[in-house]
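Fold and contact review
For reference, the chains in residue letters:
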Amino acid sequence: MSAQEAQQELLEEFEMFDNWMDRYQYIIDLGKALPDFPEEWKTAEYKIEGCQSQVWIRPEVRDGRIHLNAISDAAIVSGLIALLLRIYNDRTPQEILDTPPDFLNKLGLDKHLSPTRSNGLHAMLERIFTLAKAQ
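Residues numbered from 1 in each chain as written. Predicted model: local features only at pLDDT ≥ 70, side-chain atom pairs only at ≥ 80, totals over all residues. Heavy atoms only, no water.

Regarding the side chain of Gln7
So the rule is basically this: Secondary structure elements are taken from DSSP: a helix is a run of H or I of four residues or more, a strand is a run of E of two residues or more, and numbering for both begins at the N terminus. Only protein chains enter the accessibility calculation, which uses a 1.4 Å probe; a residue is then buried when its area is under 20% of its type maximum, exposed when over 50%, and partly exposed in between. What qualifies as a polar contact is a pair of N or O atoms within 3.5 Å, subject to a donor-acceptor requirement within protein and to the restriction that residues adjacent in sequence count only when both atoms come from side chains. In this analysis, two residues are considered to be in contact whenever any of their non-hydrogen atoms come within 4.5 Å of each other.
Tracing the backbone shows Gln7 in helix H1 (residues 3-15). On the basis of relative accessibility, which here comes to 4%, the residue Gln7 falls in the buried class. Within the local environment of Gln7, its side chain forms a polar contact with the backbone nitrogen of Asp102, the two atoms lying 3.3 Å apart. With residues near it in sequence (within four places) discarded, Gln7 still touches Ile87, Thr99, Pro100, Pro101, Asp102 and Phe103.

Next up, the structure:
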């Protein structure tokens, strides 16, 4: 599945929910399913600045694709990470660069997140795109 198809699938999943409380719960549940993130990876090198909560993204390049491990100490932010990973994890740098985060506006996330969470989400996206550009 391409990154564009992953965005479309995500949008369709969110259409099933009638209200934002259900959507928030779904985002939190996605975050709970993130893979383990070892303590030794929680270093300044991987920490994302600009987030109200603690966020770490650890990239690895494997076979020309960027593999991302990430976690937050906040439930909703871990869920936002899970959304980003669905779109951008294990993609080639070019596919990442060719896939703007249209789903944020289409889901209405920017309107329903606090300004600090929205800033943090954009800081995470910026890190992912910077990683892709560096490859």
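Examining unusual backbone geometry
With a phi close to 50°, Asp63 is a non-glycine residue in the positive phi region. Within the secondary structure layout, Asp63 lies in the loop between strand E1 (55-62) and strand E2 (65-72). Residue classification places Asp63 among the exposed positions, given a relative accessible area of 81%. For Asp90, which is not a glycine, the phi torsion comes out positive at approximately 60°. The topology assignment puts Asp90 in the loop between helix H3 (75-88) and helix H4 (93-97). Given a relative accessible area of 36%, Asp90 falls into the partly exposed group.

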